[in-house]
Amino acid sequence: MLTAFLACVMLAFGIGATSAWAEGEALQGTLKNGDKPVAGVKINAFTQDGAPAGTATSDADGKWSIPVTGPGDYRVDLDQSTLPADVVLTNNRPSLTPSVADGQARNVLFPLGPKGGAGSNQPGAPAKPSSFDRYADLLYTGLHFALIIALAALGVSLIFGTTGLTNFAHGELVTFGALMTFLFNVTIGLPLVLSGLIAVVIGGAVGYLQDRVFWGWLRRRRTNMVTTMIISIGLSLAVRYIFLYFFGGETRAFSDYNAQPGEHYGPFTIAPKNLVSDVIAIVALVGVSWALLGTRLGKATRAVADNPALAAASGINVDRIIRLVWTIGGGLAALAGAILGAYQNVGYQMGFQILLLVFAAVTLGGFGTAWGALVGSLVIGLFVQLSTLFIPSELKTVGALGVLIVILLFRPQGILGRRARIG
């Protein structure tokens, strides 16, 4: 029933869907002088070892795209000699070093302005960003990515804490949130913020329906946890390929804030949309954490997580609390998907691609503990990005999982988890 519901919703993607700039991994951007697109500008891309990765020229809309062979670090150079005579770069960074994730079409932004305007720089020899600039960029990117992981990880941790279910289909809830945001923003034409809000509401409703129709039924049948975990893996595969069938295998961008230039905040260069996303994520995480600690429903949730039988004996409606947790988890996952889609574009397996990191964050912090999920997400997000200073970006996920293994060898219950006797 759940997959049928998702299929009916996803039918909308067959109407009015826009094509992507590129399929698979790609570097892309939009060149504008104020509100005017800048055409005919040459962009060159190189791999980390200096080999040519592709060349593009901005079109009449100022857009350019360079498909690349896979994830990794690249250098992107803007050929300033091809800029119009009255247009210059407004910073001193004609050479950028973005990292492309698996399946990501990475936006690369070169701020342009009128020649002689405030903050403009005369064309000169390309200058590579300093190691400090790269460290600052990776530090912020790690924090931003950590907040996205934390939104998904908090839902996983709450669901495990109250039901004992290790839900491998949680990544598809993240993807569902991004696809719903895409549907309302691109296909229907609503503003991105409103589209994201609607997606969160729908994601919460899907989380509620999952437990009401599917997981609650398995729970009443006293299905053991190993079986339900395997069922969640099958559900994940089924839903993922429903997404592939209706949405397609390419990555697509939201229509709003797609090529937003970064603003300078001290050593950091941050797109305003990312700052707004960070604030929204922090508010959501703080709000849920406060509700768990300071409300009656939060106390009831913690009671169910500690001992469901005792909670039921004390008059708590355990099924109602579990459905509330599923609703919150679905909404948080949808919010994570909307923010992740604005960060790296929308694809049918984007939730699956971060699922391993979500489980790593939950395990590292301590399964079933909300605060542990937040701490684990912070560690994983920062390590994934900062590790690219020392190892190839293709190995950054492996490095994060290596840290997880090392920590769990010395503290198996996780950073904030409690020791439990087995047997």
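That block above? That's the structure.
Residues numbered from 1 in each chain as written. Predicted model: local features only at pLDDT ≥ 70, side-chain atom pairs only at ≥ 80, totals over all residues. Heavy atoms only, no water.

A. Molecular detail of the overall build of the protein. Looking only at helices and strands, one finds 12 helices and 14 strands in the protein. Within the protein, the fraction of its 423 residues that count as buried is 50%. Counted over contacts in the protein with a minimum sequence separation of 6, partners at least 24 positions apart contribute 73%. Entry remark: accessible area of the protein is about 19000 Å², with carbon and sulfur atoms responsible for 64%. (Helix = DSSP H or I, 4+ residues; strand = E, 2+ residues; numbered from the N terminus. Buried < 20%, exposed > 50% of the residue type's maximum accessible area, 1.4 Å probe, protein only. Contact = heavy atoms within 4.5 Å. Areas by Shrake-Rupley, 256 points an atom, 1.4 Å probe, with all protein chains shown as cover.)

B. Examining the pairing of strand E7 (residues 72–78) more closely. Across the seven residues that make up E7, a large majority, six, are buried. In this structure, strand E4 (residues 42–47) lies alongside E7, joined through five bridges in antiparallel fashion. The partner of phenylalanine 46 across the bridge, within E7, is arginine 75. Examined bridge by bridge, E7 and strand E10 (residues 99–100) share two bridges and lie antiparallel to one another. (Pairing = 2+ DSSP bridges.)

C. Expanded view of helix H5 (residues 225–247). Counted at 1.5 Å a residue, the expected span for H5 with its 23 residues is 33 Å, and the 32 Å between its end C-alpha atoms agrees. Where H5 is concerned, the buried positions are Thr228, Ser232, Leu235, Ser236, Val239, Arg240, Ile242, Phe243 and Phe247. Near the N-terminus of H5, the side chain that reaches the backbone nitrogen of valine 226, with its oxygen 3.1 Å away, is that of asparagine 224. (Expected span 1.5 Å × (residues − 1). Polar contact = N/O pair within 3.5 Å; in protein donor to acceptor, adjacent residues only side chain to side chain.)

D. Fine view of the sheet that holds strand E1 (residues 26–30). If you trace the three strands from one edge of the open sheet to the other, you get E6-E1-E11, paired in mixed fashion. On the outer flanks of this sheet lie strand E6 (63–67) and strand E11 (105–107), each paired with one strand and no other. The sheet shows a mean angle of 20° between the axes of neighbouring strands, taken without regard to direction. As paired strands, E1 and E11 are joined by three bridges and run parallel to one another. Each bridged residue has a counterpart across the sheet, and for alanine 26 the counterpart in E11 is alanine 105. (Axes fitted to C-alpha atoms, helices over the stretch in contact; angles between N-to-C directions.)

E. Expanded view of the environment of leucine 179. Along the chain, the position of leucine 179 falls in helix H3 (residues 170–187). Between the alpha carbons of leucine 179 and valine 346 there is a distance of 7.0 Å; along the sequence they are 167 residues apart.

F. Main features of a nonpolar patch on the surface. Nonpolar side chains collect at one region of the surface, where Leu293, Trp371, Val375 and Leu416 lie side by side and expose about 360 Å² of accessible area between them. Relative to the elements of secondary structure, tryptophan 371 occurs in helix H11 (residues 370–386). (Patch = residues over 30% accessible without salt bridge, like charges linked within 9 Å, V, L, I, M, F, W, Y side chains within 5 Å. Salt bridge = Lys/Arg side-chain N within 4 Å of Asp/Glu carboxyl O.)

G. Molecular detail of the nonpolar core. Core analysis: the biggest nonpolar cluster contains 74 residues, and Leu151 and Ile380 have the highest contact counts within it. It is helix H9 (residues 318–344) that contributes the most residues to this core, 13 residues altogether. Ignoring any residue separated from it by four or fewer positions in sequence, one finds leucine 151 in contact with Ala281, Ala284, Leu285, Leu332, Ala333, Leu335, Ala336 and Ile339. One finds Val38, Ala56, Leu78 and Leu112 within the second-largest nonpolar core, a separate group that totals 21 residues. (Core = buried A, V, L, I, M, F, W, Y, C linked by side-chain atoms within 4.5 Å.)

H. Just the pattern of salt bridges, in detail. Tallied over the full model, the rule gives six salt bridges. One salt bridge connects aspartate 211 with arginine 323, and the closest N-O pair in it is separated by 3.5 Å. Residue aspartate 211 is located in helix H4 (residues 192–220), and its partner arginine 323 is located in helix H9; the two are separated by 112 residues in the primary sequence. There is no split in this pair, since aspartate 211 and arginine 323 are both buried. The network of salt bridges with shared partners includes Asp211, Arg219, Asp319 and Arg323.

I. Main features of the packing of aromatic side chains. Using the criterion set out here, one finds five aromatic pairs in the structure. With a centroid separation of 4.9 Å and an interplanar angle of 40°, the aromatic rings of phenylalanine 168 and phenylalanine 359 are classed as tilted. Pair noted here: phenylalanine 168 is in the loop between helix H2 (131–163) and H3 and phenylalanine 359 is in helix H10 (residues 350–365), with a separation of 191 residues, a long-range link. The class for phenylalanine 168 is partly exposed, based on a relative accessible area of 27%. Among the residues examined, phenylalanine 359 registers a relative accessible area of 9% and is labelled buried. Judged by centre distance (4.9 Å) and plane angle (75°), the rings of phenylalanine 214 and tryptophan 215 are edge-to-face. Given a relative accessible area of 4%, tryptophan 215 falls into the buried group. Ring pairs connect the aromatic residues Phe214, Trp215 and Trp326, which therefore count as one cluster. Note that arginine 75 overlies the ring of phenylalanine 46, its terminal NZ or CZ placed 4.4 Å from the centroid. The ring centre of phenylalanine 247 lies 4.5 Å from the NZ or CZ of arginine 252, which sits over that ring. (Phe/Tyr/Trp six-rings, centres within 6.5 Å; stacked < 30°, edge-to-face > 60°. Lys NZ or Arg CZ within 6 Å of the ring centre and 35° of its normal.)

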